[in-house]
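# Observations on the model geometry
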Amino acid sequence: MGEGGGNPVGSPAAEPHRVTALVFDGMKLLDLAGPFEVFAEAARFGARYELEVRSSDGAAVRASTGMRVPVDGDVDSATDVGTALVVGGDALPTNPISAELTAAATALSRRAARTASVCTGAFVLAGAGLLDGRRATTHWQHARLLAAAFPRVRVEPDAIFVQDGTIFTSAGVSAGIDLALALVERDHGEEIARSVAQSLVVFLQRPGGQSQFSPSLALPRPGTPALRQVTDAVAADPAGDHSVTALASRAHVSPRHLSRLFRQELGSSPGKYVEGVRVDAAIRLLHAGQSVTACAQQVGIGSPETLRRMFLARVGVSPRAYQQRFRTTARDPATVLDDEDPVEP
């Protein structure tokens, strides 16, 4: 049996591993299609996955695109479930989740060897109590709301996906592909997972703990005009003089009061906020093909080693590793790294 649940894998005689997706009106189509494409592609390379789609009552549903999604039946008739997959939907974070949907998630999870959610599907699992006392993640835009609405869930807002026991949760939309690749690798090994990733032209695989997105974009826009003026100035010129004294002077407040505003509205110190914006700017420059050394200089961080430490702390990988995984085709890849860049393992 693959670690974390699932039917036995790895031999022609192994029983198929059934992946059963729970869908509902308003679901995100990519939350279903992305992981299912991974499992279906894996089957082309020898994995034994069976895919089915179910709703709480067995009726077809409408995706957020308006597309009709047929189903294979209701949850109560599901049998031999290897992976229960709960997709997300735009309404889940801000609207009451129906008792029918949480009951269906509970019933399907009980039948499954492991349970996974994509994006805001974590709200369904949380509403069903399946995440109580567990670590979990969701789309970065909704992580704070998930933590506030379900205080018994230990939300990790930056992770691409999180495993806690037999429960897996993933971040926004395309992170469902990362999670599905990870599950394929657990079931069948790295070779098949790599073949699937290459066939689908996706990265194998973004580490589960890697930051979902740029470090500071998840922060809310300040409500205080003086603080908004400061953050706008930092965003407009990341490399500028953004010491606490300089920022306080711009806002016409004392450094102590400015620090208090940052803590109250952004949950960050001024220095940490500026650091995040500079790392964001470095990410954009890396995408454009700039070297690590050039990025560090242009965003006001200074040395490439300092940028490397900030990247590891905030993004989860080094600048060079990030660029190698997500590099643009705008420049010859051989030219984007220079001799001054720190050597990465």
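Right, let's walk through the structure included here.

Rules of the game
- Residues numbered from 1 in each chain as written.
- Predicted model: local features only at pLDDT ≥ 70, side-chain atom pairs only at ≥ 80, totals over all residues.
- Heavy atoms only, no water.
- Helix = DSSP H or I, 4+ residues; strand = E, 2+ residues; numbered from the N terminus.
- Buried < 20%, exposed > 50% of the residue type's maximum accessible area, 1.4 Å probe, protein only.
- Expected span 1.5 Å × (residues − 1).
- Contact = heavy atoms within 4.5 Å.
- Pairing = 2+ DSSP bridges.
- Axes fitted to C-alpha atoms, helices over the stretch in contact; angles between N-to-C directions.
- Right-handed = clockwise from strand over helix to strand, strands pointing away.
- Polar contact = N/O pair within 3.5 Å; in protein donor to acceptor, adjacent residues only side chain to side chain.
- Core = buried A, V, L, I, M, F, W, Y, C linked by side-chain atoms within 4.5 Å.
- Salt bridge = Lys/Arg side-chain N within 4 Å of Asp/Glu carboxyl O.
- Parallel < 35°, antiparallel > 145°, perpendicular 65-115°, else oblique.
- Nonpolar A, V, L, I, M, F, W, Y, C, P; charged D, E, K, R; others polar.

We now examine unusual backbone geometry. With a phi close to 50°, aspartate 80 is a non-glycine residue in the positive phi region. As for its position among the elements, aspartate 80 is in the loop between β4 (68–69) and β5 (81–86). With a relative accessible area of 62%, aspartate 80 lands in the exposed category. Positioned with a positive phi, histidine 252 is a non-glycine residue whose angle comes to about 60°. Tracing the backbone shows histidine 252 in the loop between α8 (244–251) and α9 (255–266).

Attention shifts here to helix α2 (residues 99–111). Taking 1.5 Å as the rise per residue, α2 with 13 residues should run 18 Å; its terminal C-alpha atoms sit 18 Å apart, in good agreement. Among all positions of α2, only Leu101, Thr102, Ala104, Ala105, Thr106, Ala107, Leu108 and Ser109 are buried. Those residues of α2 that are buried are in contact with β1 (17–22), β5, β6 (112–117), α3 (121–127) and β10 (167–170).

Before going further, it helps to spend a moment on the sheet that holds strand β2 (residues 49–54). Taken in spatial order, the six strands of this open sheet run β2-β1-β5-β6-β10-β9, and their pairing is mixed. Edge positions in the sheet fall to β2 and β9 (161–164), since each has one partner strand and no second. Between one strand axis and the next, the sheet turns through 20° on average, direction left out of account. As paired strands, β6 and β10 are joined by three bridges and run parallel to one another. Paired with threonine 115 across the two strands is isoleucine 167, which belongs to β10. Each of β1, β5, β6 and β10 is contacted by α2, which is oriented at about 140° to β6, the strand it contacts most. Running over the sheet, helix α5 (residues 175–188) touches β1, β2, β6, β9 and β10 and is turned about 145° from β10.

Tracing the chain through its elements places glutamate 275 in helix α10 (residues 270–287). Among all residues touching glutamate 275, those that are not within four sequence positions of it are Met310 and Arg314.

The next thing to look at is the pairing of β6. Most of β6 is tucked away: five of the six residues are buried. With respect to chirality, the unit in which β5 leads through α2 into the neighbouring parallel β6 is right-handed.

With respect to the secondary-structure elements, glycine 276 resides in helix α10. Linking glycine 276 and arginine 314, residues 38 residues apart in sequence, is a C-alpha distance of 7.7 Å.

So, on to the environment of arginine 62. Relative to the assigned elements, arginine 62 resides in strand β3 (residues 61–62). Here glycine 66 takes part through its backbone oxygen, which lies 3.1 Å from a polar atom of the side chain of arginine 62.

Below, the discussion takes up the pairing of β9. Pairing of β9 with β10 involves four bridges; the strand directions are antiparallel. Within β10, the position partnered with phenylalanine 161 by the bridge is serine 170.

Turning our eyes to something else, we now look at the nonpolar core. Formed by 64 residues in total, the largest nonpolar core has its most connected members in Leu22, Val23, Met27, Leu32, Leu131 and Val184. Those residues in contact with valine 23, other than ones at most four positions away along the chain, are Leu32, Val53, Arg54, Ser55, Val61, Val71 and Val87. Counting 18 residues, the second-largest nonpolar core is a separate cluster that includes Ala281, Ile283, Leu285 and Ala321.

By the definition in use, this model includes ten salt bridges. For aspartate 187, the salt bridge is made with arginine 114, and the minimal N-O distance between the two is 2.7 Å. Here arginine 114 lies in strand β6 and aspartate 187 lies in helix α5, a separation of 73 residues in the sequence. Residue aspartate 187 shares its accessibility class with arginine 114, and that shared class is buried.

On to the packing of helix α7 (residues 225–236) against α9, then. Taken N-terminus to C-terminus, the directions of α7 and α9 make an angle of 90°; their axes are 11 Å apart at the nearest point. The orientation of α7 with respect to α9, classified from their angle, is roughly perpendicular. Between α7 and α9, the contacting residues are Leu227, Val230 and Thr231 on the first element and Leu258, Leu261, Phe262, Glu265 and Leu266 on the second. Looking at the contact of α7 with α9, its residues break down into six nonpolar, one polar and one charged.

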